[in-house]
Amino acid sequence: MAQQQYDTIIVNARIIDGTGAPWYRSSLAIKGDKIAKIGTFSEDELSLASNVFNASDSYLAPGFIDSHTHDDSAIISAPEHESKTRQGVTTVVTGNCGFSTYPNGDIEEIRSHLRTLLGNVPEEHFFSNFTSLKDSLTANIGLNIASLVGHGPLRISVMGYEQREATTEEISAMSELLEEQLQQGAIGMSLGLVYPPSAYAGIEELVTLAKVVAKYDRLLSAHVRSYEGSLLKSIDEFLNILKESKARGLLSHLQAAGRPYWEILIPQAIDMIESARQEQGIDIAVDMYPYLAGSSTILQLLPPSAMAGGFQELLRKIEDPIYREELRELTESGREPGWESKIALIGWENVVISSVIDESLRQFEGMNMTAAAQVLDMSEFDFLLYVVVIDEGTTNIIMFQQSEVDLHKVLRSRLHMIGSDSIPRDGGKPHPRMYGSFPKVIGRLANQDGLMALEEAVRKATSLPAQRFGILDRGILRPQMIADIVLFSPDFVDNATFEEPTLSPKGLQSLWINGIQTILDDKPLGTLAGNVIVK
């Protein structure tokens, strides 16, 4: 009887299976889109295989899952998505922080909402529902996508940018719209509780929507209301939502922003989350990128009340000198419920212009707000509003705001998974996390610096996010699992920096997505092998 013919056999590998267990030497075979066998292979099996690939004692692991991205539009503009695949990423999770490209409701308002984060997103990148997204992307993408429904589009579709709690009827309408997306296969819902209009939601609305998520056994992720002084209060709100709804949760990019809170709040936050799991049975984990700076829309520097009524209303209000002065005080030193001045905490000099849309502002990319304001002989606040008006609120910024001690404590937590929080934009100087997050954690911080075991770093990029999102056919190297596989050398490491943020890592030897080889010796092969993951 003839031996089974495998498509690919990878021999002489150090296998890191994704569970956190120590690596072991073995070989692995791929048949179709699945792992067919792990173990030793006879000469006959090797001779009948279509391809035998020598790993040369490098590390073979499950493909990495980027648990937190804003790649919603970029994956359409550049389907190969090399910024991620060249890191060993085989699956990205989109629709985070309450932002998504569906359901579209009022297309212009939904588009305006996403433009504040991603810049000029073409109208054709928005979809009426999850099914239309899936149908458009299937067979046209270079890696796998799992998508969350953004809370922002749900709320905009029902009640626009009104700064108030939703009525019972409006909550019901949002719930029906959410349920439709989950029935079609979305993996859950994301909250962006610092970003209007999600910032205006009350607890009844959030718990009701979370119960819909739980009904379908999906995930609820949350950019909580504050990562500053109200961090613990904000985490407590999210924990209560999860407790009341019984949804499983993911707290997005856990951090303490602002020097006054360094090395104080993060130990308490981790203890609080662990206690919620152990004592209350709340199912929660966290994600975080491995950098001390964050990145977001420039509108995050303004208090949430500034966007009440939408962006055009903001433009109207800042024409009033009295309101403008009130806004200055809030922006530079004030507080609102769940929000405090980012500028008071980190200073204008620690806010850098990353990416703009208007060509007249290109000269400021890579400059901090103080230096940029000096070019135009303005105060930093006046420069902020100048940019907001000229760039229509679409400017992206980088904020240096975290402590290395806190960051490393989060990265070492057993509940932490790697999420790049990438914000792809055309041009500018993007955050290096878009090009370097996974090799930075796995290659530099774990394998080189010893912050954690290499196998634990791989677990944070594979089986942990797979389990959290319910993508249970990936994330572990076992027979019959989908063959999303990465082969990386012992010198796998990031190259991207804030000065040169788009440099690709080195040491990625090969990548297989759904059983198809897409990278060889650090070089993409131009193959579109990705799928849309449907629950």
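In what follows, the structure referred to is the one given above.
In this report, the structure presented in the accompanying data block is examined. Just so you know, these numbers come straight off a predicted model, no measurement behind them. Chains are numbered independently. Their residues run from 1 in the order of the written sequence. For a predicted model such as this one, the threshold for reporting local features is a pLDDT of at least 70, and the threshold for listing and counting side-chain atom pairs is 80 or more; totals across whole chains, interfaces and linings nevertheless cover every residue. With hydrogens and water excluded, all non-hydrogen atoms of the structure serve as input to the side-chain values.

Overview of the overall build of the chain
Reasoning step 1: Regarding its fold elements, the chain presents 19 helices and 22 strands.
Reasoning step 2: With the radius of gyration taken over C-alpha atoms, the globule rule is written as 2.2 Å times the number of residues to the power 0.38. In terms of overall size, the chain behaves like a compact globule, its C-alpha atoms giving a radius of gyration of 23 Å where 535 residues would be expected to give roughly 24 Å.
Reasoning step 3: C-alpha atoms of the chain, sized along the principal axes, occupy 85 × 50 × 45 Å.
Reasoning step 4: Element-wise, carbon and sulfur atoms account for 47% of the exposed surface of the chain, whose accessible area totals about 18,800 Å².
Reasoning step 5: Averaging the positions of the 45 positive and the 71 negative side-chain charges in the chain gives two centres separated by 6 Å. Each helix corresponds to a stretch of at least 4 residues labelled H or I by DSSP, and each strand to a stretch of at least 2 residues labelled E; elements are numbered beginning at the N terminus. Throughout, the Shrake-Rupley method with a 1.4 Å probe supplies accessible areas, and for residues the shown protein chains are the sole cover considered. Counting rule for charge: Lys and Arg are taken as positive, Asp and Glu as negative, and neither His nor the chain ends is counted. Lysine's charge is taken at NZ, arginine's at CZ, aspartate's at CG and glutamate's at CD.

Some thoughts on the pairing of strand E17 (residues 396-400)
Reasoning step 1: For every residue, the accessible area (1.4 Å probe, protein chains only) is compared with the maximum for its type, and the residue is labelled buried under 20%, exposed over 50%, or partly exposed between those bounds. Where burial is concerned, most of E17 is hidden: four out of the five residues are buried.
Reasoning step 2: A strand pair is defined by DSSP finding two or more bridges across the two strands. As paired elements, strand E13 (residues 293-297) and E17 share five bridges and run antiparallel to each other. Paired with serine 296 across the strands is isoleucine 397, a residue of E17.
Reasoning step 3: Pairing geometry for strand E16 (residues 351-355) and E17, over four bridges, is antiparallel. Residue isoleucine 353 lies in a different strand from E17, and its bridge partner there is isoleucine 397.

Comments concerning the packing of aromatic side chains
Reasoning step 1: Stacked, edge-to-face and tilted labels apply to pairs of Phe, Tyr and Trp rings (six-membered ring for Trp) whose centres lie within 6.5 Å, assigned for plane angles under 30 degrees, over 60, and everything in between, in that order. Under the counting rule described, the total for this entry stands at 12 aromatic pairs.
Reasoning step 2: Ring pairing ties together the aromatic residues Tyr59, Phe64, Phe438, Phe488 and Phe492, which thus form one cluster.
Reasoning step 3: Sitting over the face of the ring of phenylalanine 41, lysine 37 holds its NZ or CZ atom 4.5 Å from the ring centroid.
Reasoning step 4: Sitting over a ring, as applied to charges here, requires NZ of Lys or CZ of Arg to be within 6 Å of the ring centre and within 35 degrees of the ring normal. Above the face of the tyrosine 289 ring, arginine 433 is positioned so that its terminal group lies 4.4 Å from the ring centre.

Quick notes on the environment of leucine 254
Reasoning step 1: With respect to the helices and strands, leucine 254 occurs in the loop between strand E11 (248-251) and helix H10 (265-280).
Reasoning step 2: The buried category is assigned to leucine 254, whose relative accessible area is 2%.
Reasoning step 3: Here the alpha-carbon distance between leucine 254 and valine 286, two residues 32 residues apart in the chain, equals 6.5 Å.

Quick notes on the sheet that holds E16
Reasoning step 1: The three strands are arranged E13-E17-E16 in an open sheet whose pairing can be described as antiparallel. A single partner strand is all that each edge strand has here, and the edge strands are E13 and E16. Neighbour-to-neighbour, the strand axes of this sheet turn through a mean angle of 30°, independent of strand direction. Between N-to-C directions, angles span 0 to 180 degrees; the directions come from axes that are lines fitted to C-alpha atoms, helices contributing only their stretch in contact.

Considering helix H5 (residues 130-137)
Counting along an α-helix, one turn takes 3.6 residues, and residues three or four places apart therefore face a common direction.
Reasoning step 1: Looking only at H5, the buried set comprises Phe130, Leu133 and Leu137. One face of H5 carries all of its buried residues, which in axial projection span an arc of 60°.
Reasoning step 2: Tucked inside the fold, the buried residues of H5 contact helix H2 (74-77), strand E8 (144-150) and helix H7 (168-184).
Reasoning step 3: For H5, the capping residue at the N-terminal end is asparagine 129, with a side-chain oxygen 3.3 Å from the backbone nitrogen of threonine 131.
Reasoning step 4: Immediately beyond the C-terminal end of H5, within one or two residues, lies alanine 139, with a positive phi of roughly 70°. As used here, the arc is the angular range of directions from the helix axis to the C-beta atoms. Any two residues having at least one pair of non-hydrogen atoms within 4.5 Å are treated as being in contact. Contacts described as polar in this section are N or O atom pairs within 3.5 Å, which, within protein, must combine one atom able to donate a hydrogen with one able to accept it, while residues neighboring in sequence count only if both atoms come from side chains.

Focus on the packing of helix H17 (residues 433-448) against helix H18 (residues 454-461)
Reasoning step 1: At a minimum axis distance of 9 Å, the contact between H17 and H18 shows a crossing angle of 165°. Compared by their axis directions, H17 and H18 come out roughly antiparallel. Classified by chirality, the crossing of H18 by H17 is right-handed. Listed contacts from H18 to Phe438, Val441, Ile442, Ala446 and Asn447 of H17 are Leu454, Ala457, Val458 and Ala461. Geometric relationships in this document are graded by angle, where less than 35 degrees denotes roughly parallel, more than 145 denotes roughly antiparallel, 65 to 115 denotes roughly perpendicular, and other angles denote oblique. By convention the crossing between two helices is left-handed if the near helix lies anticlockwise of the far one by an angle smaller than a right angle, and right-handed if it lies clockwise.

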